[in-house]
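Here is how the chains run, residue by residue.
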Amino acid sequence: MSKETLSHAASHKKYKQGCFTKFKISPRMLKFLLNIYGPYFGAGVKVKTISDDFRFVRVEMPLTWYNGNYFRTHFGGSLYAMTDPFYVFMLLNNLGKDYVVWDKAAEVQFRSPGKGRVWCEFRLTEERIQEIKAEADANTKTEPKFTVEVFDEQGKLVASVLKTLYVRLVR
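Student: Outline the packing of aromatic side chains, supporting the account with residue identities and numerical values.
Tutor: The full count for this structure, using the stated rule, is 9 aromatic pairs. On the basis of an interplanar angle of 85 degrees and a centroid distance of 5.9 Å, the ring pair of Tyr37 and Tyr40 is categorised as edge-to-face. Judged by its relative accessible area of 47%, Tyr37 falls in the partly exposed class. Seen in terms of ring centroids, Tyr87 and Phe146 are 4.1 Å apart; in terms of plane orientation they differ by 15 degrees. Their pairing is stacked. One end of the pair, Tyr87, is in helix H5 (residues 86-95); the other, Phe146, is in strand E6 (residues 145-152), and 59 residues separate them in sequence. Taking the relative accessible area as the measure of exposure, Tyr87 reaches 5% and is therefore buried. Residue classification places Phe146 among the buried positions, given a relative accessible area of 4%. Put simply, the rings of Tyr37, Tyr40, Phe86, Tyr87, Phe122 and Phe146 touch in pairs and so form one group of aromatic residues. Stacked on the ring of Phe146, the Lys or Arg Arg128 has its end atom at 4.3 Å from the ring centre.

Spelled out as structure tokens, the structure:
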């Protein structure tokens, strides 16, 4: 193998997505797996809906003794955790196998104490998918940003999370 071939193979291997991307996982199966996933199960995070096209997700979390803090409000780490991987899964399933998608960064702003059940929703439009794909194709990579808002049962904003993803064309 030439040095160039080895270099390309090594760089491609560097950006492998993971073992689960080798299998086609339905929204229903992904929902099941996430709901039994230890960190989510332990925090009480519940995936309520994943649309068939992976463009809408709804997540909820009740306040319990194991995800609350000293002030009997939601622990900040649990609030962040409930927003963590969903845009990655949504983009992976909408961009296709020629792209690697990772979480790169997040910024959380806590707006008000989270009491009771909290929820958030994730939406991905066709226009945004095409925008991300075009930028990754033109520049080999892109770092799209998404804002996720967490609300309480009364509709009051509890937290706002700015997610930065990393999307790379690996074709």
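Still to come is the rest of the account.
Student: Describe the pairing of strand E7 (residues 157-169), naming the residues involved and giving the relevant values.
Tutor: Here E7 lies mainly inside the structure; 10 of its 13 residues are buried. Here 2 bridges tie strand E5 (residues 141-142) to E7, and the two strands are oriented antiparallel to one another. Pairing of Lys141 across the sheet is with Arg168, part of E7. In this structure, the hairpin formed by E6 and E7 is closed by a connection of 4 residues, where Gly155 is found at a positive phi of approximately 85 degrees.

Student: Can you break down the side chain of Asn94 residue by residue, with the values?
Tutor: Along the chain, Asn94 turns up in helix H5. By relative accessible area, Asn94 is classed as buried at 15%. Only 3.3 Å separates the side chain of Asn94 from the backbone oxygen of Asp53, close enough to count as a polar contact. Reaching out from Asn94, the side chain makes a polar contact with the side chain of Arg55 at a distance of 2.9 Å.

What counts and what doesn't
Residues numbered from 1 in each chain as written. Predicted model: local features only at pLDDT ≥ 70, side-chain atom pairs only at ≥ 80, totals over all residues. Heavy atoms only, no water. Phe/Tyr/Trp six-rings, centres within 6.5 Å; stacked < 30°, edge-to-face > 60°. Buried < 20%, exposed > 50% of the residue type's maximum accessible area, 1.4 Å probe, protein only. Helix = DSSP H or I, 4+ residues; strand = E, 2+ residues; numbered from the N terminus. Lys NZ or Arg CZ within 6 Å of the ring centre and 35° of its normal. Pairing = 2+ DSSP bridges. Polar contact = N/O pair within 3.5 Å; in protein donor to acceptor, adjacent residues only side chain to side chain.

It is worth stressing that arrangement in space is one thing and function is another; only the former is reported here.
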